[in-house]
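If you want the building blocks of each chain, they are given just below.
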Amino acid sequence: MTAVPDARLYWIWLQQRIPPGRPEAGRLLHDGVRPEQLYAADKKALEKMGLARLTGLQDKSLAAAQTILKRCAAVGHVVLTPDDGGYPETLRALDNPPLVLYAEGEIPDWRRPAIGVVGTRRASPQGQCNAAALAAGLAAGGMLVISGGAEGIDTAAHRGAIQGGGVTVLVKPKALDDPYPPQSAPLRREVVEHGGLLLSEYPPGWDKPCDFHVRNRLIAGLSLGVCLVEAPGRSGSLITAHAARDLGREVFVLPGEVSAHKNDGGHEEVRAGAILITRAEQILQEYLDRFPGLLQPEAASPAQQEMTALWKRRAPRPVRREPARQERREAETLPTPRETPAGLSSEAAAIYTALTQGPLSDEELAQRLGLGSFQLLPICICPALTELEVGGYIECLPGGAYTRAK
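Residues numbered from 1 in each chain as written. Predicted model: local features only at pLDDT ≥ 70, side-chain atom pairs only at ≥ 80, totals over all residues. Heavy atoms only, no water.

J.: What is the right way to read the environment of Val33 from this model?
T.: Structurally, the position occupied by Val33 is in the loop between helix H2 (23-30) and helix H3 (35-40). Beyond its immediate sequence surroundings of up to four residues, Val33 is in contact with Leu28, Leu38 and Met49. (Helix = DSSP H or I, 4+ residues; strand = E, 2+ residues; numbered from the N terminus. Contact = heavy atoms within 4.5 Å.)

Written out as C-alpha cells, the structure is:
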C-alpha cells in the first residue's frame, strides 16, 4: 500500500512557488484551492485558473520541501499550515495570508486577545521604560503581547510582558535559524524559556533580504490593535500601524515628549484618528465587552506601576561631564584600557569590570551581575550597555557578545 505524503509537503512546496506576502496566496486560500490540486495541475489547468504567470508551479519537485520538513523536525520547530488547529485564525482573513508558518516555543491559544506593541529601534531610555511598563500591564491584564523582536521598543515590550507574568509572541523578519539580528539572540531564548513563541513565515535556509512590510502585516494580523510607543516620523513601526488600520483594527498611541521629536509619527497617528492612551488599563477596557472573563483591567495598573518604578530605581545616572578646560588638563592622565572610566553609572561600571577577562553575552553578564534571568535586562543592563557604547568604552561583536573597546 502506497503511503500518503505528508500534506505539509504540498503547502511548503506551494510557499516556495508563491513567496510570502503575495496576494495570490489569499485568493487560492479563500477559494478553497488545495495545494495538492495545484501540484497535480498541468500547464493548461494552471492557465484556466489564471496562474500561468506563476511559472514555478510547473516545477513538481518536492525535494526542497522534504529538506525543510526534515530540518524543522531535527530542531523541534513546528510547521503550521492552514490545515492545522494551531494556525492563527485571524491570519486567514488577510488578503495575503501566510501559506506556512514556522514556530518555536509554546503555541498560545489564539482565541486570547492580543495587542501589538511596536516602536523605534533607537529608543530613548524613557521610551523603553514606557514600552516595558505598558506591556507588563497588558500581560498582567490577560493580553498576549505581539512584537517584532528588534532592539529598542520591541525588546522592551517582549521583556515587559514576561516581567508581567504573561505570554509574548516574537515575529521574526527572517527564518528561525537565521541569527539576525544577533543582538536579539538572548531575547529570543528568553521568550521561549518563559512560555512564549517565536514565529516566522520563512523556512530554514531562507537567505533573501528582510521585507518588513511582509513581517509587519503578521504583527497587525495577529493583534486586535497595535500600540505605537515612541515612533518617529519615518519609523518602520508606522507600517504596522497602517497595516492594522487597513485591517480595521484599532491603533493606539502612547504620547511622548514633543521637543525630542521621538514620537512625531505617533502624534501624527493621533491626528489621523488613533486612540491616545497612557495606561494599559485603557486598552484592556476597549475589549472588555468582547472578551468577558478573559481580561482583568484591575491587574494592569499595579503591574505597569511596578515596572515603571523598577526601571527608575535601576536607570543609569547621567554621565557627568567636566569642563572642556579641565578635560584638556587631564588628557595625559586618561585611564588605561583596563581601568574603569570615571563618571560611569554604577551599572555601567559593573559591566565594564565584568568584561575584564574577555567578551561576554547578555546572558553571561546577567549571571555575573547576579540577576539570574533576563527579566531585568531592559531595566539595568540595556541602558548601561548603551551608555558604554556611546562613550566608546565597549563594542558589540558579531554574535551579540560585548567586549572592551581597544
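J.: Help me out: how do you make sense of the sheet that holds strand S8 (residues 250-254) in this one?
T.: The pairing of strands in a sheet comes from backbone hydrogen bonds and takes either a parallel or an antiparallel form. Strands sit in the order S1-S2-S6-S5-S4-S3-S7-S8-S9 across an open sheet of nine strands; the sheet is mixed. Strand pairing shows two members of the sheet lacking a second neighbour, strand S1 (78-80) and strand S9 (275-276), which therefore form its edges. Both strand S2 (residues 101-105) and strand S6 (residues 197-200) contribute to a ladder of four bridges, which runs antiparallel. Pairing of Tyr102 across the sheet is with Ser200, part of S6. Its contacts with the sheet put helix H12 (residues 264-271) on strand S7 (225-229), S8 and S9, and the angle it makes with S8 is roughly 130°. (Pairing = 2+ DSSP bridges. Axes fitted to C-alpha atoms, helices over the stretch in contact; angles between N-to-C directions.)

J.: What am I meant to see in the packing of aromatic side chains here?
T.: Scanning the entire structure with this criterion turns up five aromatic pairs. Ring geometry for Tyr352 versus Tyr393: centroids 6.4 Å apart, planes at 80°, classification edge-to-face. One end of the pair, Tyr352, is in helix H16 (residues 346-354); the other, Tyr393, is in the loop between helix H18 (377-390) and strand S10 (394-396), and 41 residues separate them in sequence. Judged by its relative accessible area of 4%, Tyr352 falls in the buried class. You can call Tyr393 partly exposed: its relative accessible area is 28%. By the ring-pair criterion, three or more aromatic residues cluster together here, those being Tyr10, Trp13 and Tyr39. Over the face of the ring belonging to Tyr39 we find Lys60, whose NZ or CZ atom lies 5.9 Å from the ring centre. Directly above the aromatic system of Trp206 lies the positively charged group of Lys208, at a separation of 4.6 Å from the ring centroid. (Phe/Tyr/Trp six-rings, centres within 6.5 Å; stacked < 30°, edge-to-face > 60°. Buried < 20%, exposed > 50% of the residue type's maximum accessible area, 1.4 Å probe, protein only. Lys NZ or Arg CZ within 6 Å of the ring centre and 35° of its normal.)

J.: Is there a simple way to think about the pairing of S2 in this case?
T.: Judged from the three bridges that link them, S1 and S2 form a sheet pairing that is antiparallel. Counterpart to Leu80 in the pairing with S2 is Leu101.

J.: How should the pattern of salt bridges be read in this particular structure?
T.: Pairing between side chains of opposite charge can happen when the charged atoms of each approach one another. Applying the stated criterion across every chain, the model contains 15 salt bridges. Close ionic contact of Arg17 with Asp59 constitutes a salt bridge, the shortest N to O distance being 3.1 Å. Separated by 42 residues along the polypeptide, Arg17 in helix H1 (residues 7-17) and Asp59 in the loop between helix H4 (43-48) and helix H5 (63-75) bring together distant segments of the chain. By relative accessible area, Asp59 is classed as partly exposed at 40%. Across the pair Glu190 and Arg159 runs a salt bridge whose closest N-O atoms are separated by 2.8 Å. Linking Glu190 in helix H9 (residues 185-193) with Arg159 in helix H8 (residues 153-163), this pair joins segments that are 31 residues apart in sequence. The buried category is assigned to Glu190, whose relative accessible area is 0%. One salt-bridge network, in which partners are shared between bridges, spans Arg22, Glu24 and Arg53. (Salt bridge = Lys/Arg side-chain N within 4 Å of Asp/Glu carboxyl O.)

J.: Can you walk me through the environment of Leu254 in this structure?
T.: Tracing the backbone shows Leu254 in strand S8. Leu254 sits in the buried class, given a relative accessible area of 6%. Here the alpha-carbon distance between Leu254 and Leu276, two residues 22 residues apart in the chain, equals 6.2 Å. Contact partners of Leu254, with chain neighbours within four places excluded, come to Asn130, Cys227, Leu228, Val229, Asn263, Ile277 and Thr278.

J.: Can you help me understand unusual backbone geometry in this one?
T.: Across the chain, the bulk of peptide bonds are trans and the bulk of non-glycine residues have phi less than zero. Backbone torsion omega between Tyr180 and Pro181 reads -15°, so that peptide bond is classified as cis. Its place among the elements puts Pro181 in the loop between strand S5 (168-171) and H9. At Glu230, a position not held by glycine, the phi torsion is positive, near 55°. In this fold, Glu230 is placed in the loop between S7 and helix H11 (237-246). You can call Glu230 buried: its relative accessible area is 10%.

J.: Sorry if this is basic, but what is going on with the nonpolar core here?
T.: Nonpolar side chains in soluble globular proteins tend to be buried together. Ile12, Leu38 and Tyr102 are the most contacted members of the largest nonpolar core, which totals 32 residues. Counting only elements with at least two residues in this core, the list comes to H1, H2, H5 and H9. Of the residues forming this core, the biggest block, six residues, is contributed by H1. Membership of the second largest hydrophobic core comes to 31 residues, among which are Ala133, Ala156, Leu224 and Ile277. (Core = buried A, V, L, I, M, F, W, Y, C linked by side-chain atoms within 4.5 Å.)

J.: Mind showing me how you'd approach H11 here?
T.: In an α-helix, one turn spans 3.6 residues; hence positions three or four apart end up facing the same way. Along H11, the positions that sit buried rather than exposed are Ser237, Leu238, Thr240, Ala241, Ala243 and Ala244. Tucked inside the fold, the buried residues of H11 contact strand S3 (114-118), helix H10 (212-222), S7, S8 and H12. At the exit of H11 stands Gly248, carrying a positive phi of roughly 80°.

J.: Just checking my understanding: could you explain the pairing of strand S4 (residues 144-147) for this structure?
T.: Regular strands place side chains that alternate from one sheet face to the opposite one. Across the two faces of S4 the burial is the same, with Leu144 and Ile146 and Val145 and Ser147 all buried. Here three bridges tie S3 to S4, and the two strands are oriented parallel to one another. Looking at the pairing, Ile115 lines up with Val145 of S4. Handedness of the S3-helix H7 (residues 125-140)-S4 crossover: right-handed. Where S4 and S5 come together, three bridges link them in parallel fashion. Within the sheet, the bridge partner assigned to Ser147 lies in S5 and is Leu170. The handedness of the S4 to S5 crossover, carried by H8, is right-handed. (Right-handed = clockwise from strand over helix to strand, strands pointing away.)

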